[in-house]
Amino acid sequence: MLPSFLQTKFMTTEQQRLATDFSKTLMELMFQVKKGETVAITADIGTNRDTVDAMANAVTATGGIPLVMYIPKAKKDSQAGMPDWPSEALTAALLKADIWIEANSVVLLYSDIWETAMQENKNLRYLIIAESSIESLHRVFTGFDIQILKKLLSKVKTMVMESKTVRITSANGTDVSYDIDLNYAFDIDDGDYSQPKFGTAPGFVNIVPKTDSMNGRIVFDHLQHTSHDNTIEFILKDGIITDVIGKESNAFKSYLSSFNDQNMYKISHNMLGLNPKVRMLTYELVEDERIWGGVDFGFGHTSAIDMPPYGQEAESHFDGVVANTSIYFDDIQITDNGEVCHKDLRPLAENLLNK
């Protein structure tokens with residue numbers, strides 16, 4: 001009998017096909033794995049082993065060398081999970097890898113392990129997929145033109161960097177704004193992981209707001225650590241959550257207070273979702289964060305990579321999603337109720353959606 005951390009449900013034939021297609025796209029087209037490169041894949045009990053095997057097989061097919069590492073499933077994400085992981089051995093391996101795909105369900109992202117690997121391994125190409133199902137991974141990573149997506153995201157990034165203020169509204173009651181700080185990170189992920197980078201699933205523009213500048217109300221359609229059928233609202237003042245409203249507000253307040261860390265209440269980043277294959281909420285976070293015309297808000301830890309020079313240290317990090325948003329850069333409207341409406345962006349958007 002397999003040890004408990006290696007036990008998994010077996011995929012159907014269709015799921016195996018999706019896993020093979022996703023893995024081939026990821027390794028050949030996106031990472032462009034070269035012969036002899038070491039591709040580290042981290043996983044835990046929450047990871048589907050068939051997905052890991054499909055990725056490892058795709059690495060081998062390119063001439064690369066897979067290094068699959070199963071680690072314990074930590075009690076909490078990020079830095080809060082450090083006591084549960086073999087940190088020294090894992091860090092040592094990641095410092096020598098060419099590529100690292102983080103597929104564990106409780107993430108190492110923003111932990112000391114992650115920070116050390118990202119800062120000291122200057123050639124590392126990193127991607128986090130977390131506990132996504134194979135159906136979700138196939139939707140998010142396949143079936144679109146990387147180069148057209150790159151053009152769209154690059155144009156949006158340029159536009160936001162030329163702005164002073166971002167405002168985001170939604171029919172659900174969201175109305176929040178913040179200022180731009182050009183010293184902080186402005187990232188896109190279009191599916192090209194061929195160069196060293198901090199990569200996440202494709203289809204977004206990521207912005208680190210100016211410290212102490214976010215004000216307003218966020219009404220989440222999907223918030224980590226809450227159920228799917230209850231609305232949770234945050235009130236933000238000067239970049240800090242000052243109140244949590246909704247049926248599960250007391251439980252979420254308890255979650256936040258359990259860290260005993262004031263930085264867990266602070267905004268970390270804002271992602272503008274533009275993945276053409278993600279058109280509705282599935283309640284799989286990696287997918288929902290990239291929903292076309294929606295946004296993601298992250299709170300808590302922010303790496304020094306994104307918020308130089310020191311970052312925003314916190315015990316953990318969590319995210320929430322708002323779908324069907326209207327986004328404004330200063331007074332220029334970019335999206336309207338989830339659809340790209342700006343005249344310079346609309347042709348690229350239509351090209352992606354039609355494909």
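This text follows the structure it describes.
Residues numbered from 1 in each chain as written. Predicted model: local features only at pLDDT ≥ 70, side-chain atom pairs only at ≥ 80, totals over all residues. Heavy atoms only, no water.

A. Region of interest: the environment of H269. Position of H269 relative to the elements: it lies in strand β14 (residues 267-273). Sequence-wise, H269 and N230 are 39 residues apart; in three dimensions their C-alpha atoms are separated by 23 Å. Discounting residues that sit within four places of it in the chain, H269 has contacts with N206, I207, V208, P209, D296, F297, G298, H317 and D319. (Helix = DSSP H or I, 4+ residues; strand = E, 2+ residues; numbered from the N terminus. Contact = heavy atoms within 4.5 Å.)

B. Layout of the nonpolar core. Membership of the largest hydrophobic core comes to 110 residues, with the highest contact counts inside it found for L26, I101, F141, F234, F297, F299 and F318. A per-element tally of this core places helix α6 (residues 146-161) first, with eight residues. I101 has contacts with L26, M27, F31, V39, A40, I41, T42, M55, L127 and I129, leaving out every residue within four places of it along the chain. (Core = buried A, V, L, I, M, F, W, Y, C linked by side-chain atoms within 4.5 Å. Buried < 20%, exposed > 50% of the residue type's maximum accessible area, 1.4 Å probe, protein only.)

C. Fine view of empty space enclosed by the protein. Evaluation of the coordinates by the stated rule reveals three cavities of 30 Å³ or more. Taken together, V208, P209, K210, T211, D212, D238, G239, K266, I267, S268, M307 and Q312 make up the full set of residues lining the largest cavity. Looking at side-chain class alone, the lining of the largest cavity contains four nonpolar, four polar and four charged residues. Approximately 50 Å³ is the volume found for the second largest cavity. When contributions to the lining of the second largest cavity are tallied by element, the ones reaching two or more residues are β14, β17 (325-329) and β18 (332-336). Residues of the lining of the second largest cavity, tallied by class, amount to six nonpolar, four polar and no charged. (1 Å grid on protein atoms, 1.4 Å probe; cavity = no way out; pocket = protein on both sides within 12 Å on 5 of 7 lines; lining within 4 Å. Points joined across faces, edges and corners; volume = space filled by probe spheres on them. Nonpolar A, V, L, I, M, F, W, Y, C, P; charged D, E, K, R; others polar.)

D. Examining the pattern of salt bridges more closely. Throughout the structure, instances matching the rule amount to 17 salt bridges. One salt bridge in this structure joins R279 and E339, with 3.1 Å as the shortest N-O distance. Highlighted residues: R279 in the loop between β14 and α8 (285-288) and E339 in strand β19 (residues 339-340), separated in sequence by 60 residues. Among the ionic pairs, E339 bridges to R346, the shortest N-O distance being 4.0 Å. By sharing partners, the salt bridges in this structure join R279, E339, R346 and E350 into a single network. (Salt bridge = Lys/Arg side-chain N within 4 Å of Asp/Glu carboxyl O.)

E. Fine view of the packing of aromatic side chains. Applying the stated criterion across every chain, the model contains 17 aromatic pairs. Relative to F141, the ring of F22 lies with its centre 5.3 Å away and its plane at 70°, an arrangement referred to as edge-to-face. Separated by 119 residues along the polypeptide, F22 in helix α1 (residues 13-30) and F141 in helix α5 (residues 134-141) bring together distant segments of the chain. Accessibility assignment for this pair places F22 and F141 in one class, buried. Ring plane angle 70° and centroid distance 5.4 Å describe the contact between F252 and F318, whose orientation is recorded as edge-to-face. A residue pair is termed long-range when its members are at least 10 positions apart, and F252 in helix α7 (residues 249-257) and F318 in strand β16 (residues 312-322) qualify at 66 residues. In this structure, F252 and F318 share a single accessibility class: buried. An aromatic cluster is defined as three or more aromatic residues linked by ring pairs; in this entry it consists of F220, F234, F252, Y255, F259, F299 and F318. (Phe/Tyr/Trp six-rings, centres within 6.5 Å; stacked < 30°, edge-to-face > 60°.)

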